[in-house]
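Residue-level structural notes
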Amino acid sequence: MRITVIGTGYLGAVHAVCMAQAGHEVLGLDLDAAKIDALSSGRAPFFEPGLPELLAEGLASGRLAFTTDPAEAAAFGEVHFLCVGTPQQPGSNAADLRYLHAAVESLAPHLHRPCLVVGKSTVPVGTAAALAAKLAELAPVGAEAELAWNPEFLREGFAVEDTLRPDRLVVGVTGEHAEAVLREVYAPVLALGTPWISTDLATAELVKTAANSFLATKISFINAMAEICDATGADVTTLADAIGHDARIGRRFLDAGLGFGGGCLPKDIRAFHARAQELGVGSALDFLGHVDTINLRQRTRTVDAARELLGGGFAGRQVTVLGVTFKPDSDDIRDSPSLHVARMIAAEGAEVRVHDPEGLANAKSAHPELECVDSVEDACAGADLLLHLTPWRQYRELDPAEVATWVRAPRLLDGRNALDASRWAAAGWTLRLLGKPAPSPVG
Ligand code: UDX
């Protein structure tokens, strides 16, 4: 099939590459010429395992190309996927839909043949119906430019895998034709036995916001338990393991610590609550406000714990932050809990050095006040305190005895409860964990 992908950010670039991998002819469209140049010459604009290889394969096969011209995209595709961003509006909790509307407004006037436009972006419920009306009004082909909604559930770091082998495919359609077209688009994925859920537009939009809200709630639930554990000397990891054995609860997304960040969960729960308020049912989602508050409180709790480890103040102390991305296997620093903590500590007068295997370039340009250091050893040299805030594998592989020779004082706060605490304690480190007692330093 001939497919266009409009918006080549995280979602769009991965979708375009994976659709070409699935055997379709794909044209990616973006207004950002630098991004299109990079993709056209085989450079992925962000770090995502597996993406560069599939991008190169797609370009070499001749089935994948990129353009900045909406008219070219409109003429090319039978199916047009909308993959533009829906960030949080400045000064509000609601989603900013301007890029989505702009994408439809630039594509629609060029649609002279019947086609299917498929939204993938995460949107407030009701957006798809509004866009369907706009499309029919602006497209020369009228209502034969049909709209469907097909939310995306990919996780950064596993984006290629999640797109080619998703847990489920959800499509919101208004007729059988759209469903048949989407079944054809996803034929290779369906052949793997992937569950297929076909529903109306509103339910499809809601599936995505409900899923992300549930995940965020799980994380904040376990972090609330971590606060109770800290007040009582109990161990949140053992608690999570124990409740997680109940298949109705499940162990995944119950890792307590610094909480969630990134370009999706925080803004999606806020936009969902804001949309419910617009619909007059805000109280049904008031709990998402608490989920957000619990999540943000983990950041101040981490700063408080770090200050306490240093004996009460940050002024004149050197603090090293390990990890700046919002999660490992990504270079994404959007709403990164770790960077937020680093900035709060710097604002209290500490000299903050940060390290990350992939996110330093992004951190450097966004936060020139932080000292970004390329090697872990140099970042740790002379530190009064280490903060482990993004759980990259590389940090779990550090030798605590060797790291102790780099720092000024062997103090460590593990904000992700991911390091082997007894090994660090055995090497003489004073430790602080979130939601569990730390072993005492040995020697
Ligand atoms: C999320 C959803 O998982 C995905 O389905 C959706 O399509 C987009 O939003 P992503 O933003 O890539 O994906 O990150 P995710 O893996 O969900 O992690 C989000 C945050 O939660 C990270 O900051 C992570 O560190 C944190 N987290 C995750 C925890 O604090 N504890 C956990 O147990 C799991």
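Residues numbered from 1 in each chain as written. Predicted model: local features only at pLDDT ≥ 70, side-chain atom pairs only at ≥ 80, totals over all residues. Heavy atoms only, no water.

1. Quick look at the overall build of the chain
What the chain contains, in helices and strands, is 19 helices and 14 strands. Taken over C-alpha atoms, the radius of gyration comes to 24 Å for the chain, in line with the 22 Å a tight globule of 443 residues would show. With respect to the principal axes defined by its C-alpha atoms, the chain has extents near 75 × 50 × 40 Å. Sorting the 443 residues of the chain into buried and exposed places 53% on the buried side. Per element, the accessible surface of the chain, about 18,100 Å² overall, is 55% carbon and sulfur. (Helix = DSSP H or I, 4+ residues; strand = E, 2+ residues; numbered from the N terminus. Rg over C-alpha atoms; globule rule 2.2 N^0.38 Å. Buried < 20%, exposed > 50% of the residue type's maximum accessible area, 1.4 Å probe, protein only. Areas by Shrake-Rupley, 256 points an atom, 1.4 Å probe, with all protein chains shown as cover.)

2. Examining the nonpolar core
Core analysis: the biggest nonpolar cluster contains 41 residues, and Ile3, Val14, Val26, Leu64, Phe81, Leu182 and Tyr186 have the highest contact counts within it. For this core, the element with the highest residue contribution is helix 1 (residues 10-21), accounting for nine residues. Residues in contact with Phe81, not counting those within four places in the same chain, are Ile3, Thr4, Val5, Ile6, His15, Met19, Val118, Lys120, Asn150, Leu182, Val185 and Tyr186. Among the nonpolar cores identified, the runner-up in size contains 33 residues, and Leu29, Ala74, Ala103 and Leu135 belong to it. (Core = buried A, V, L, I, M, F, W, Y, C linked by side-chain atoms within 4.5 Å. Contact = heavy atoms within 4.5 Å.)

3. Details of the sheet that holds strand 10 (residues 351-355)
Reading across from one edge, 11-10-9-12-13-14 is the order of the six strands in this open sheet, with parallel pairing throughout. The sheet terminates laterally at strand 11 (371-372) and strand 14 (430-433), the two strands that pair on one side only. Note that strand 13 (residues 411-414) and strand 14 share four bridges and pair parallel. Its bridge partner being in strand 14, Leu413 is matched across the sheet by Arg432. (Pairing = 2+ DSSP bridges.)

4. A short note on the pattern of salt bridges
Considering all chains together, one arrives at 27 salt bridges under this definition. When the shortest N-O distance is used, the salt bridge between Arg353 and Glu371 registers 3.7 Å. Residue Arg353 is found in strand 10, and its partner Glu371 is found in strand 11; the two are separated by 18 residues along the sequence. The partly exposed category is assigned to Glu371, whose relative accessible area is 35%. Here the residues in one salt-bridge network are Glu156, Asp332 and Arg334, joined through shared partners. (Salt bridge = Lys/Arg side-chain N within 4 Å of Asp/Glu carboxyl O.)

5. With respect to the site of the ligand
Of all residues adjacent to the ligand, which total 20 residues, the nearest are Phe153, Leu154, Glu156, Asp255 and Phe326. Lys208 places a side-chain nitrogen or oxygen 3.5 Å from an oxygen atom of the ligand. At a separation of 3.2 Å, an oxygen atom of the ligand approaches a polar side-chain atom of Arg416. Protein contact buries 90% of the 680 Å² of open area that the ligand shows by itself. It is helix 10 (residues 201-232) that contributes the most residues to the shell around the ligand, four residues altogether. A class-by-class count of the residues in the shell around the ligand yields ten nonpolar, three polar and seven charged. (Near = heavy atom within 4 Å. Polar contact = N/O pair within 3.5 Å; in protein donor to acceptor, adjacent residues only side chain to side chain. Nonpolar A, V, L, I, M, F, W, Y, C, P; charged D, E, K, R; others polar.)

6. Some thoughts on helix 6 (residues 127-138)
The terminal C-alpha atoms of helix 6, which comprises twelve residues, lie 16 Å apart, in line with the 16 Å expected from a rise of 1.5 Å per residue. Those residues of helix 6 that sit buried are Thr127, Ala128, Leu131 and Leu135. For helix 6, the buried positions fall inside an angular range of 90° around the axis, keeping them on one side. Here the buried face of helix 6 lies against helix 5 (98-107), strand 5 (115-119), strand 6 (145-149) and helix 10. (Expected span 1.5 Å × (residues − 1). Arc of directions from axis to C-beta.)

7. Here we look at the side chain of Lys436
Along the polypeptide, Lys436 turns up in the segment after strand 14. At a separation of 2.9 Å, a polar atom in the side chain of Lys436 contacts the side chain of Thr237. Look past the residues within four positions of Lys436 in its chain and what remains in contact with it is Asp230, Ala234, Asp235, Val236, Thr237 and Asn417.

8. A word on the side chain of Thr209
Mapped onto the elements, Thr209 comes out in helix 10. Once residues lying within four places of it in the same chain are set aside, the contact partners of Thr209 are Thr122, Val123 and Phe272.

9. Re empty space enclosed by the protein
Overall, the coordinates contain one cavity of 30 Å³ or more when judged by the stated rule. As a volume, the largest cavity reaches approximately 90 Å³. What lines the largest cavity is Thr86, Ala95, Thr122, Val123, Pro124, Val125, Thr209, Lys267, Asp268, Ala271, Phe272 and Arg275. Of the residues contributing to the lining of the largest cavity, the split by class is six nonpolar, three polar and three charged. Taken domain by domain, the lining of the largest cavity gets at least three of its residues from each of domain 1 (2-199) and domain 2 (208-294). (1 Å grid on protein atoms, 1.4 Å probe; cavity = no way out; pocket = protein on both sides within 12 Å on 5 of 7 lines; lining within 4 Å. Points joined across faces, edges and corners; volume = space filled by probe spheres on them. Domains from an automatic or database assignment.)

10. Let's talk about the pairing of strand 12 (residues 385-388)
Going residue by residue along strand 12, you find Leu385 and Leu387 tucked away on one face and Leu386 and His388 tucked away on the opposite face as well. Pairing between strand 12 and strand 13: three bridges, direction parallel. Each bridged residue has a counterpart across the sheet, and for Leu387 the counterpart in strand 13 is Leu413.

11. Quick notes on the domain arrangement of the chain
The domain architecture assigned to the chain consists of domain 1 (2-199), domain 2 (208-294) and domain 3 (298-433). Spacing between the C-alpha centres of domain 1 and domain 3 amounts to 38 Å. Between domain 1 and domain 3, the contact holds six residues from the first and eight residues from the second. Together domain 1 and domain 3 conceal approximately 610 Å² of surface at their shared face, both sides included; 49% is due to carbon and sulfur atoms. Linking domain 1 to domain 3 there are one salt bridge. As a salt-bridge pair, Arg334 and Glu156 come within 3.1 Å of each other at their nearest N and O atoms. Taken together, the connections running from domain 1 to domain 3 amount to four residue pairs in polar contact (both at pLDDT 80 or more). Its residues assigned to classes, the side of domain 1 that touches domain 3 comprises three nonpolar, one polar and two charged. (Buried area = accessible area lost by both parts, 1.4 Å probe.)

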